[in-house]
Amino acid sequence: MKTIHRPLVWLAALAGSALMASTAAAQEVTLKFHHIWNPQAMASVNLIQPWCDKIAKESGGKMKCQILPAMSGGGTPPQLVDRVKDGVDDLVITLPGYTAGRFPAMEVFELPFMCNSAEAGAHAAWDYLQKYALKEFPGTKILATWVHDEGYIHTRDKQVKTMADFKGLKLRAPTRQTNKLLAALGASPVGMPLPAIPDAVSKGTIDGFLLPWEVMPSLKLHELVKYDSETDPARPALYSAVFIFAMNQAKYDSLSPELKKIIDDNSGGSFSQSIGKIWDNSQAAGRKAAIDRGNTLYTIPAAELDNWVRASAPMYIGWVAEIEGKGMPAKQMLQDAKDLLAKYKVAK
């Protein structure tokens, strides 16, 4: 009897294995996508949702996102880099600069007066990342990196026109380098992530903040200040901050070759550049909202900006010294970043 039934047992086992394999192949992969913006924010509408829609379409519905906006998945913005590394989240978009000093190589693009185009900055940052900074993100697959459009000064009660106007102001800064910049210009820097700004301005904890136009409408920040100080558009921006779009490496490694290819096709240098262009194109709407509300806009002229450049010059020396202290070729890294920005410069 045993001999007679062995083929049947073997066939049943084989059929069961095939069924399990078929079921596994048919299973959907849901990627938990955690980020800092509310659903109405420009990044949510123009980047995150379209990217998720695209990978769902290209995978025939096998791969989709579970989007967790405005830190609704728990934790704080500075924790996102570890959450994706540790697999708590599958995908994140965040600013490495929220974790002060932990990603010093990429901070080169956060030095003052480096970038004046998010598109060029994104393309340059991707190339630079491949050469110098991937090792700063263990356990993480970087899908894209970019900088935002020009950062400006937005204040509640006092317009900033000259360097002397910074004195006595408590201003929010997003990163370690922008904290140093504000201190060099005479202000009192207050480090905080984006979601904390509205409450801090409303309560008078800060007098204003550094931000690009892009993000202001979604948090109605243009309604909390009266004055907006832009810099001469022909000059590099006062500051930029670096973003990363990151995936847990183990999650990526667990995907089928088909799904990996979809991720690969929707990441990389050209993708980073396209994100930078989205940020550049977002300026007009934020600026218009401030004008329509009746805010007073002022452009810092080039001659005055020269004073700001001189005041912030020691930051370059400090960054080089810090990076050299870590055994990296800081002078070459800085020069490469500048050369890449020049290579990808976008006409305005």
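Everything quoted here is computed from the prediction, not taken from an experiment. (Residues numbered from 1 in each chain as written. Predicted model: local features only at pLDDT ≥ 70, side-chain atom pairs only at ≥ 80, totals over all residues. Heavy atoms only, no water.)

A. Structural context of the pairing of strand S8 (residues 208-212). Across the five residues of S8, five count as buried, placing the element largely inside the fold. Burial along S8 is two-sided: the face carrying Gly208, Leu210 and Pro212 and the face carrying Phe209 and Leu211 are both buried. Of the strand pairs in this sheet, strand S5 (residues 151-155) and S8 are connected by five bridges, and their pairing is antiparallel. Looking at the pairing, Tyr152 lines up with Leu211 of S8. (Buried < 20%, exposed > 50% of the residue type's maximum accessible area, 1.4 Å probe, protein only. Helix = DSSP H or I, 4+ residues; strand = E, 2+ residues; numbered from the N terminus. Pairing = 2+ DSSP bridges.)

B. A look at the packing of aromatic side chains. Overall, the coordinates contain 14 aromatic pairs when judged by the stated rule. Seen from their ring centres, Phe33 and Trp51 are 6.2 Å apart, and the 90° between their planes marks the pair as edge-to-face. With a gap of 18 residues between them, Phe33 in strand S1 (residues 29-35) and Trp51 in helix H2 (residues 42-58) connect regions that are remote in the sequence. The same class applies to Phe33 as to Trp51, namely buried. Between Trp146 and Phe243, the ring centres sit 5.4 Å apart and the planes meet at 5°, which makes this aromatic pair stacked. With Trp146 in strand S4 (residues 140-147) and Phe243 in strand S10 (residues 242-248), the pair connects residues that are 97 residues apart, well separated along the chain. When sorted by exposure, Trp146 lands in the same class as Phe243, which is buried. Ring pairing ties together the aromatic residues Phe33, Trp51, Phe245 and Phe271, which thus form one cluster. Geometry around Tyr252 places Lys141 over its ring, the cationic atom sitting 4.4 Å from the centre. Here Lys161 stacks its cationic end above the ring of Tyr298, 5.1 Å away from the centre of that ring. (Phe/Tyr/Trp six-rings, centres within 6.5 Å; stacked < 30°, edge-to-face > 60°. Lys NZ or Arg CZ within 6 Å of the ring centre and 35° of its normal.)

C. Fine view of the packing of helix H5 (residues 176-185) against helix H13 (residues 314-325). Where H5 meets H13, the closest approach of the two axes is 11 Å, and the angle between their N-to-C directions is 145°. Crossing geometry of H5 relative to H13 is assigned as right-handed. Packed against H5, whose contacting residues are Arg176, Gln177, Lys180 and Leu181, the element H13 presents Met315, Trp319 and Glu322 at the interface. The residue inventory of the contact of H5 with H13, partitioned by class, reads three nonpolar, one polar and three charged. (Axes fitted to C-alpha atoms, helices over the stretch in contact; angles between N-to-C directions. Left-handed = near helix turned anticlockwise from the far one by under 90°. Contact = heavy atoms within 4.5 Å. Nonpolar A, V, L, I, M, F, W, Y, C, P; charged D, E, K, R; others polar.)

D. The arrangement of the nonpolar core in detail. Grouped together as the largest cluster of nonpolar side chains are 108 residues, with contacts concentrated most on Trp37, Trp51, Phe109 and Tyr128. It is helix H4 (residues 118-133) that contributes the most residues to this core, 10 residues altogether. Those residues in contact with Trp37 that lie beyond four places of it in its chain are Ala43, Ser44, Ile48, Pro69, Ala70, Ile93, Leu194, Glu214, Val215, Phe243 and Trp279. (Core = buried A, V, L, I, M, F, W, Y, C linked by side-chain atoms within 4.5 Å.)

E. Geometry of the packing of H13 against helix H14 (residues 330-343). Remark: H13 packs on H14, axes separated minimally by 8 Å, with the N-to-C direction vectors making an angle of 125°. If you check the angle between H13 and H14, you find them oblique. Residues Tyr316, Trp319, Val320, Ile323 and Glu324 of H13 lie in contact with H14, whose contacting residues are Ala330, Lys331, Met333, Leu334 and Lys338. Per-class residue counts for the contact of H13 with H14 are seven nonpolar, no polar and three charged. (Parallel < 35°, antiparallel > 145°, perpendicular 65-115°, else oblique.)

F. Region of the structure containing the state of the cysteines. The tally for this structure, following the rule as stated, stands at one disulfide. The partner cysteine of Cys52 in its disulfide is Cys65, sulfur to sulfur 2.3 Å. Between Cys52 and Cys65, the S-S torsion sits near -90°, and that sign places the bridge as left-handed. Placement of Cys52 in helix H2 and of Cys65 in strand S2 (residues 63-68) is noted, with a sequence separation of 13 residues between them. Take Cys52 and Cys65: they sit in the same class, and that class is buried. (Disulfide = S-S within 2.5 Å.)

G. Structural context of the environment of Leu47. Along the polypeptide, Leu47 turns up in helix H2. Residue Leu47 is classed as buried on the basis of its relative accessible area, which comes to 3%. Separated by 137 residues in the primary sequence, Leu47 and Ala184 place their C-alpha atoms 34 Å from one another. With near-sequence residues (within four places) excluded, Leu47 lies in contact with Met42, Ile93, Trp146, Phe271, Ile275 and Trp279.

H. Representation of the sheet that holds strand S3 (residues 91-94). Judged by pairing direction, the sheet is mixed, and its five strands sit side by side in the order S2-S1-S3-S10-S4 without closing on themselves. The outermost strands of the open sheet, each flanked by one partner alone, are S2 and S4. Each adjacent strand pair in this sheet contributes to an overall mean axis angle of 20°, direction not counted. Two elements, S1 and S2, share six bridges in a ladder whose sense is parallel. When the bridges of S2 are listed, Phe33 appears paired with Ile67. The strands touched by helix H9 (residues 257-265) are S1, S2, S4 and S10; relative to S2, the strand with the most contacts, the crossing angle is about 55°. Against the sheet, helix H10 (residues 269-281) touches S4 and S10, its axis set at about 40° to S4.

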